[in-house]
There are 2 protein chains.
Amino acid sequence: MNFEYLIKTHNLKVTAQRVSILENMNNYGHINIDELFLEVKKNFNNISLATLYKNINLMIKNSLIKEVKIASYKSKYEIKKDTHAHILCTVCNEFEDLDFNCSLAVDNVEKTTAYKIDNSEFIFSGICQKCQ
Amino acid sequence: MNFEYLIKTHNLKVTAQRVSILENMNNYGHINIDELFLEVKKNFNNISLATLYKNINLMIKNSLIKEVKIASYKSKYEIKKDTHAHILCTVCNEFEDLDFNCSLAVDNVEKTTAYKIDNSEFIFSGICQKCQ
DNA sequence: ATCCAAAACGATAAAAATTATCCTTTAGGA
DNA sequence: TCCTAAAGGATAATTTTTATCGTTTTGGAT
C-alpha cells in the first residue's frame with residue numbers, strides 16, 4: 001500500500017511519522033494507541049505521544065483512518081476501507097474483520113427508518129473456535 | 001419497572017442512589033455519565049461522581065446495565081434488555097433503539113465463523129428524516 | 001427491634017487519558 | 001532557494017477514571 005499517496009490524497013502533509021503510523025495500522029489490521037505508540041517508537045525513539053494523538057485525530061477528521069470503539073476495550077484504529085463487520089473473541093482477544101454483508105442491513109434500515117445512513121458498525125463478540 | 005427488585009436480583013444492595021441511577025437510565029433510554037450525574041444530583045445534591053462511576057462499573061459487571069460506545073461521542077448507558085440495534089442522527093444527535101432482527105445475523109456469523117457469539121453491537125448512523 | 005459485618009457512601013487524592021500551548025523544525029509550493 | 005503554513009517534540013493543563021479512607025447504611029442473623 002502506498003501510504004505517501006494515501007496521505008497526500010487526504011490533504012495532509014507527508015511526514016515519516018505519519019507513514020509509520022499507517023504502516024503499523026496496516027500491519028496490525030487494528031491497533032490501539034498504546035501498541036501504536038510502542039511500534040512507532042521503534043522508528044522514532046523520541047516521538048511524542050501528543051504527536052500521535054494529534055495525527056490520529058487529524059487522520060480521523062480527514063477520513064483516512066477510523067476509530068473502532070469496543071465495550072471494555074481500548075479503541076482500535078484502522079485504515080479506512082469498505083464498511084465491514086468485526087468479531088472479537090473475549091477469551092484470547094483476537095479481533096478480526098468479518099466477511100458480512102452490511103449493505104443489506106443498511107438498505108433495510110434506510111427503508112424502515114427514513115434515515116440516510118452513512119456509517120454502520122457491527123461488532124460481534126463471543127468465543128472463537130480455538131478457545132471453546 | 002421495579003428497580004429495587006432489579007437491583008436485588010442482580011446481587012446488589014438496594015440504595016436510593018442506585019434506584020435513581022436506574023430510573024434516569026430508564027427515563028432517558030440511554031444516558032451518558034454527565035447527564036446522569038446532573039440528573040441524580042437533583043435527588044442527591046451531594047452524590048459523589050466516584051459513587052456514580054463505582055455503581056456504573058458494578059452494574060455493568062453484574063449485567064444489570066450495558067455500555068454503548070459510539071465513535072466521537074461519550075459512552076451511553078442503558079438498562080440491559082434483549083439485543084437490539086441502535087441508530088444515531090449525526091445532525092441532531094438523536095439516538096434510538098431500532099427494531100432490527102439481530103439474531104438472524106448472529107446465526108449467520110456463528111455458522112460461518114464457528115464462534116459462539118454472546119453479544120452483538122449494531123450501530124447505524126446517518127441523518128434522520130427531520131434533519132435531511 | 002437490635003446487632004453486626006460487609007458493602008456503599010462521600011470526600012478527596014491519585015492515576016490515566018487526552019488536549020492545549022509554545023517554540024523549533026520541516027514539507028512543499030512559489 | 002526561499003517562505004509560510006503546518007507538523008514535530010516537550011511539556012503543561014485539562015479531562016476522565018480509579019483508588020483510598022473514614023463514616024454511614026443495608027440487610028441478614030440474632
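The following paragraphs examine the structure supplied in this document.

What counts as what
Residues numbered from 1 in each chain as written. Chains lettered and ligands numbered in written order. Predicted model: local features only at pLDDT ≥ 70, side-chain atom pairs only at ≥ 80, totals over all residues. Heavy atoms only, no water. Contact = heavy atoms within 4.5 Å. Buried area = accessible area lost by both parts, 1.4 Å probe. Salt bridge = Lys/Arg side-chain N within 4 Å of Asp/Glu carboxyl O. Polar contact = N/O pair within 3.5 Å; in protein donor to acceptor, adjacent residues only side chain to side chain. Phe/Tyr/Trp six-rings, centres within 6.5 Å; stacked < 30°, edge-to-face > 60°. Helix = DSSP H or I, 4+ residues; strand = E, 2+ residues; numbered from the N terminus. Buried < 20%, exposed > 50% of the residue type's maximum accessible area, 1.4 Å probe, protein only. Least-squares fit on C-alpha atoms with pLDDT ≥ 70 in both. Expected span 1.5 Å × (residues − 1).

1. Some words on the interface of chain B and chain A
Stage number 1. Contacts between chain B and chain A engage 34 residues on the former and 34 residues on the latter.
Stage number 2. A combined buried area of about 2,700 Å² lies between chain B and chain A, and 60% of that area is made up of carbon and sulfur atoms.
Stage number 3. Remark: the boundary between chain B and chain A carries 0 salt bridges.
Stage number 4. Our count for the contact surface shared by chain B and chain A stands at 16 residue pairs in polar contact (both at pLDDT 80 or more).

2. Examining the packing of aromatic side chains
Stage number 1. Applying the stated rule across the entire model yields 7 aromatic pairs over all chains.
Stage number 2. When the centroid spacing of 5.6 Å and the interplanar angle of 85 degrees are considered together, the rings of A:F124 and B:F122 count as edge-to-face. A residue pair is termed interchain when its members come from two chains, as with A:F124 in strand β5 (residues 116–127) and B:F122 in strand β5 (residues 116–127).
Stage number 3. Overall, the relative accessible area of 1% leaves B:F122 in the buried class.

3. What to know about the relation of the copies chain B and chain A
Stage number 1. Placing chain B over chain A gives an RMSD of 0.0 Å and needs a rotation angle of 180 degrees, together with 0.0 Å of translation along the axis. Those values place the two copies in the arrangement expected of a two-fold rotation axis. The rotation axis passes nearest to the C-alpha of B:F122 in chain B, at a distance of 2.4 Å.
Stage number 2. In this assembly the copies share their binding face: 100% of the residues contributing to the interface of chain B also contribute to that of chain A.

4. Structural notes on helix α2 (residues 16–28) of chain B
Stage number 1. End to end, α2(B) covers 18 Å across 13 residues, agreeing with the expected 18 Å (1.5 Å per residue, within 8%).
Stage number 2. Those residues of α2(B) hidden inside the fold are in contact with α1 (3–8), α3 (33–43), α4 (49–61), β1 (65–68) and β2 (76–79) of chain B.

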